Amino acid sequence: MNDIVENLPFVALVDDDQHSAHLLTRMLLAHGSPDVSWYGGAAEGRLALGNVLADAEANWPGLLIVDLKAHSGANLEFVASIQSLARQKGVPVVVMAPPLDRQGREALHDAGASAVFFRHAELDAYRREAAGIVSFWARSQRLDAVGM
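So, here's what we can say about the structure.

Topic: helix α4 (residues 74-89)
Next, step 1: Between its first and last C-alpha, α4 extends 23 Å over 16 residues, near the 22 Å set by a 1.5 Å rise per residue.
Next, step 2: Gln83 marks where α4 bends most, by close to 50°.
Next, step 3: Check the buried side of α4 and you find it contacts β1 (10-15), α3 (42-54), β3 (63-67), β4 (93-97) and α5 (102-111).
Next, step 4: The positive-phi residue at the C-terminal boundary of α4 is Gly90, with phi of around 75°.

Side note on the sheet that holds β4
Next, step 1: The five strands are arranged β2-β1-β3-β4-β5 in an open sheet whose pairing can be described as parallel. Across the chains shown, the open sheet's two edge strands, defined by having one partner strand only, are β2 (35-38) and β5 (115-118). Taking each pair of neighbouring strands and ignoring which way they run, the sheet shows an average axis angle of 25°.
Next, step 2: Across four bridges, the pairing between β4 and β5 is parallel. Paired with Ala97 across the strands is Phe118, a residue of β5.
Next, step 3: On the sheet, α5 packs against β4 and β5 and is oriented at approximately 140° with respect to β5.

Some details on the environment of Phe78
Next, step 1: By the element assignment, Phe78 lies in helix α4.
Next, step 2: Residue Phe78 is classed as buried on the basis of its relative accessible area, which comes to 1%.
Next, step 3: When the C-alpha positions of Phe78 and Arg46 are compared, they lie 7.9 Å apart, and in sequence the two are 32 residues distant.
Next, step 4: Every residue in contact with Phe78, bar those within four places of it in the chain, is listed here: Val14, Ala42, Gly45, Arg46, Leu64, Val66 and Leu68.

Quick notes on the nonpolar core
Inside soluble globular proteins, nonpolar side chains tend to come together where they are buried.
Next, step 1: Leu64 and Val66 are the most contacted members of the largest nonpolar core, which totals 24 residues.
Next, step 2: Listing elements by their share of this core, those giving two or more residues are β1, α3, β3, α4, β4, α5 and β5.
Next, step 3: When neighbours within four sequence positions are excluded, Leu64 is seen to be in contact with Ala12, Leu13, Val14, Leu49, Phe78, Ile82, Val91, Pro92, Val93 and Val94.
Next, step 4: Judged by nonpolar contacts, the second largest core, of 19 residues, contains Leu24, Val36, Tyr126 and Ala130.

Section: the packing of helix α2 (residues 18-30) against helix α6 (residues 123-139)
Between two packed helices, the angle of one axis relative to the other and the distance separating the axes together describe the packing.
Next, step 1: Contact pair α2 / α6: the axes reach a minimum separation of 9 Å and the direction vectors enclose 65°. Between α2 and α6, the angle falls in the class roughly perpendicular. As for the relative orientation of α2 and α6, their crossing is right-handed in sense. Seen from α2, the contacting residues are Ser20, Leu23, Leu24, Met27 and Leu28; seen from α6, they are Leu123, Tyr126, Arg127, Ala130, Ile133 and Val134.
Next, step 2: Grouping the constituent residues of the contact of α2 with α6 by class yields nine nonpolar, one polar and one charged.

What counts and what doesn't
Residues numbered from 1 in each chain as written. Predicted model: local features only at pLDDT ≥ 70, side-chain atom pairs only at ≥ 80, totals over all residues. Heavy atoms only, no water. Helix = DSSP H or I, 4+ residues; strand = E, 2+ residues; numbered from the N terminus. Expected span 1.5 Å × (residues − 1). Bend = angle between axes of the 7 residues up to and from the residue. Contact = heavy atoms within 4.5 Å. Pairing = 2+ DSSP bridges. Axes fitted to C-alpha atoms, helices over the stretch in contact; angles between N-to-C directions. Buried < 20%, exposed > 50% of the residue type's maximum accessible area, 1.4 Å probe, protein only. Core = buried A, V, L, I, M, F, W, Y, C linked by side-chain atoms within 4.5 Å. Parallel < 35°, antiparallel > 145°, perpendicular 65-115°, else oblique. Left-handed = near helix turned anticlockwise from the far one by under 90°. Nonpolar A, V, L, I, M, F, W, Y, C, P; charged D, E, K, R; others polar.

Rendered as structure tokens:
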């Protein structure tokens, strides 16, 4: 029983705004997400992710959400910096970004993002994006992560 409890799926969140992280966490959980662990901003998030993925005995996140607003290229820079580690460990990375054109989305995909979701100011649109992230998480799970 302890092994099952210790290996429950979770989502890791790298967000440089605590209020934004709290809001997104609430939205994700309302749509059926597993627990969400906030790793802080870019520097803290890179360190926390590196530490957890370096530990073969650790419970790795089933999804990493990146939502950085420090400057226009923050998401792109972060994803590019962790993409090889995330791919090596099989952790899909999604980005929350302001609405982007095709070129902006492709740049994030090329940097290593598995999906791009938009950060909307309108609450219902934001809820739909959170529901989309939970759906993406559910579809991208490794079979061993769900007990198969």
